[in-house]
Amino acid sequence: MALRYFSKLHKHQASVCNLLTPPGGVVCNANFAALALQKCNPSPSPRVSSLSSGCGCGSSAYFVRAFSSRPVKLAYDVLEGDPGHDSSPIVILHGLFGSKNNWSSLAKKMNLELGRTVVAVDARNHGESEHNDEMSYEAMSQDIVNLIKNELKVEKCTLIGHSMGGKTAMYTAITQPSVVDSLLVVDIAPCPSPSSAMNIEAYMTMLMKIKFDNSLTLSQVRRNVATQIVEHLPDMDASLRYFMSTNVVQRGDEFAWRINLKAILDHREDIGGFPEVNKTYNGITEFVGGSKSEYIGPKTLPDIKRLFPEAIIRSISGAGHWVHSDNPQEFLEVVRPFLHE
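Residues numbered from 1 in each chain as written. Predicted model: local features only at pLDDT ≥ 70, side-chain atom pairs only at ≥ 80, totals over all residues. Heavy atoms only, no water.

What about helix α1 (residues 104–114)?
- When we look at burial in α1, the residues that qualify are Leu-106, Ala-107, Met-110, Asn-111 and Leu-114. Looking down the long axis of α1, one finds its buried residues gathered within 140° of arc, a one-sided arrangement.
- Elements in contact with the buried residues of α1: β4 (76–79), β5 (90–93), β6 (118–121), β7 (157–162), α10 (323–326) and α11 (328–340).
- Note on α1: the residue one or two positions beyond its end, Gly-115, has a positive phi of about 70°. (Buried < 20%, exposed > 50% of the residue type's maximum accessible area, 1.4 Å probe, protein only. Helix = DSSP H or I, 4+ residues; strand = E, 2+ residues; numbered from the N terminus. Arc of directions from axis to C-beta. Contact = heavy atoms within 4.5 Å.)

Let's talk about unusual backbone geometry
- You will see that Asn-125, though not glycine, has its phi angle at about 65°, which is positive.
- Mapped onto the elements, Asn-125 comes out in the loop between β6 and α2 (137–151).
- According to the relative accessible area criterion, Asn-125 is buried, its value standing at 0%.
- One non-glycine residue, Asp-187, adopts positive backbone phi at about 50°.

Concerning helix α6 (residues 238–245)
- All of the buried residues in α6 are Leu-240, Arg-241, Phe-243, Met-244 and Ser-245.
- On its buried face, α6 sits against α4 (200–209), α5 (218–232), β9 (248–251) and β10 (254–257).

Comments concerning the side chain of Ser-182
- On the secondary structure map, Ser-182 appears in strand β8 (residues 180–186).
- Side-chain polar atoms of Ser-182 contact the side chain of Thr-158, separated by 2.9 Å.
- When sequence neighbours within four positions are dropped, the list of residues in contact with Ser-182 reads Cys-157, Thr-158, Leu-159, Tyr-281, Ile-284 and Phe-338. (Polar contact = N/O pair within 3.5 Å; in protein donor to acceptor, adjacent residues only side chain to side chain.)

Here's the deal with the pairing of β5
- Neither face of β5 is left uncovered, since the one carrying Ile-90 and Ile-92 and the one carrying Val-91 and Leu-93 both have all their residues buried.
- Sheet topology places β5 next to β6; four bridges connect them, and they run parallel. Residue pairing across strands places Ile-92 opposite Ala-120, the latter belonging to β6.
- As for the winding sense of the linkage, the β-α-β connection from β5 through α1 to β6 is right-handed.
- Here β5 pairs with β7 via four bridges, running parallel. Following the sheet pairing, Leu-93 is matched in β7 by Gly-161. (Pairing = 2+ DSSP bridges. Right-handed = clockwise from strand over helix to strand, strands pointing away.)

Examining the nonpolar core
- Membership of the largest hydrophobic core comes to 37 residues, with the highest contact counts inside it found for Val-91, Val-121, Leu-159, Met-170, Leu-183, Phe-287 and Phe-308.
- Every element with two or more residues in this core is listed here: β4, β5, β6, α2, β7, α3 (164–175), β8 and α9 (301–307).
- Take this core: its biggest share by element is five residues, from α3.
- For Leu-159, the residues in contact, after removing those within four places along its chain, are Val-91, Leu-93, Ile-144, Ala-169, Thr-172, Val-180, Ser-182, Leu-183 and Leu-184. (Core = buried A, V, L, I, M, F, W, Y, C linked by side-chain atoms within 4.5 Å.)

Structure below.
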């Protein structure tokens, strides 16, 4: 099979946003129930959302947010499938702080082995996609539906989502089932993330303190950023420090973050939770977790089965939250039958 690879990138249209590009793994979502989610009185004008805990958090948190209905332009890479292949395309959604580059190696293997078109997408406020003040799952799902219908111009797709991308994929499948042929969720559940997971507020605060020396080269700046991260968070794993430092890009004569730090910080409750929904997705669904991760476990099973009654749940031995990076070979072996269906 001839592999044709091309990229469709949309220019960043926001004016004063911090920017950045992450390559490897994906940082896990935090539990933001611990970040003092406050109950608000419902109001008829703004949208009122709730984070109801079905995974052992023990409380419900309500907050009011204004929701912009305009989808943003997303950057995406397409690996075209075999001519005449009648399966729907595979659309891959990365996790928090990640980018489509996180999945490039696995996307190529899926494309070559299955002959299916594979599309890896940058979420809003990540990678090369547009920045926007809104960062809810409703907004991110709307971006994906717009991409499927108006950019890719297909009726349905197989959605794969990891962490934050998994929550976006789940919400899309529940609220827009007509565009989701099947759903693969990687190490995340449809409920607030566990309290022992990483603290997004601490990470955002740390990243905002990072200083860039514009007299250095990009590789030197990234090494310097990794050193600064150690100073602020000495217990951070070395691979995670590297991952975070690669989120620095050069724009002209200056260096900056590619991710929209402010939008992520402002919507930490949204990202850490999951929207309240009263529907189910009854299509083909598979959850794949890491045996060393706590994102999918006994406490999350009721929520998974309530919203995804047909779900099959699998585990990758020895993998943590970054399942597809920790053990890519076994991950591909486990999901291959699902992607062949």
